[in-house]
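Here are the chains, one letter per residue:
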Amino acid sequence: MDTYESILLVKNEVFVFKIPPRTTNRGYRAADWNLAEPTWTGRLRIVSVGDACTLKLEDRNNGELFAKCPIEQYPGVALESVSDSSRYFVVRIQDENGRAAFIGLGFGDRSDSFDLNVALQDHFKRIKVCEEIAKEKNEPKQELDLKFKEGETIKINMKITKKDGSEGVANKQAAKPRPTISGVGGLLPPPPGSSSVKTIPAPPSQTSSPSHQSTNPNNWGEFTSANNTSQPGGNSNPNWVQF
């Protein structure tokens, strides 16, 4: 796979200082340097080829390399902040033979040093994310087993809409049937001891006597009159009860 050089940061003016050996473990201090007289002034570039990251100090006019600093991790020993300022760093430079030396590096503005921090943090964060993605491809995550185990059940409450539009719950018992009312046409049944059909007596005849009333059991007393008096002309017609 071909690799190409990616430029992470460019600052056209940086200052290099010669720093004294550190005699204590409290860290480097920029106040101990001769800040008024930098040893070298030039351009800074941070480039990456694949996962490798290098800080390069170059001439601003012709691009000639002054020194370079391979950065394997950040923060780390390759690039270390000083204890008394955010604009100055201690850089470990290396030559082609692997020999190393420490120099001071400074910016004229704090925003330039902030950009340096962000560029390096983003680079190593990207490497970490790529490593995690590659690890997941080689070792896929274990899939969750969502199958029911033997004898395992679940309970689900569901609302069921009936034909009449009312709602019921599926796991409840069926509603008890309502008692029906006996009777004709939906009327209430007669009270105990009363006849189911009430007989309406016919009005008494003014011209007939009790001896003239019919005793035929086939006559419907509740609908016909007991008046059997002959009408003029020899015809006898029953009178119907008027309701």
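Above this text sits the structure in question.
In this text the structure is predicted, and so the values were computed from the model without any measurement.

(A) How the structure looks around the side chain of S113. As for its placement among the helices and strands, S113 is situated in helix α1 (residues 110–138). The class for S113 is buried, based on a relative accessible area of 3%. Aside from chain neighbours lying at most four places away, what touches S113 is S86, R87, F89 and F107.

(B) Spotlight on the nonpolar core. Within the largest apolar cluster, 26 residues are counted, with the highest numbers of intra-cluster contacts made by L44, I46, L55, L57, L105, L116 and L120. Going through the elements one at a time, β1 (5–17), β2 (40–49), β3 (52–58), β4 (65–71), β6 (88–94), β7 (100–106) and α1 are the ones with two or more residues in this core. The dominant element in this core, judged by the number of residues it contributes, is α1, at 5 residues. When residues no more than four places from it in sequence are discounted, the contact partners of I46 are S6, I7, L8, L9, C53, T54, L55, L116 and L120. Listed in part, the 8 residues of the second largest apolar core include F17, Y28, V82 and Y88.

(C) Quick look at α1. The terminal C-alpha atoms of α1 lie 43 Å apart, and with 29 residues this matches the ideal 42 Å at 1.5 Å per residue to within 8%. When we look at burial in α1, the residues that qualify are D112, S113, L116, A119, L120, H123, F124 and I127. For α1, the secondary structure elements touched by its buried residues are β1, β2, β3, β4, β5 (79–81) and β6.

(D) Just the environment of G108, in detail. Tracing the backbone through its elements, the reader meets G108 in the loop between β7 and α1. Sequence-wise, G108 and F15 are 93 residues apart; in three dimensions their C-alpha atoms are separated by 8.2 Å. Beyond its immediate sequence surroundings of up to four residues, G108 is in contact with F15 and R87.

What counts as what
Residues numbered from 1 in each chain as written. Predicted model: local features only at pLDDT ≥ 70, side-chain atom pairs only at ≥ 80, totals over all residues. Heavy atoms only, no water. Helix = DSSP H or I, 4+ residues; strand = E, 2+ residues; numbered from the N terminus. Buried < 20%, exposed > 50% of the residue type's maximum accessible area, 1.4 Å probe, protein only. Contact = heavy atoms within 4.5 Å. Core = buried A, V, L, I, M, F, W, Y, C linked by side-chain atoms within 4.5 Å. Expected span 1.5 Å × (residues − 1).

By themselves, these are just geometric observations and shouldn't be taken as functional.
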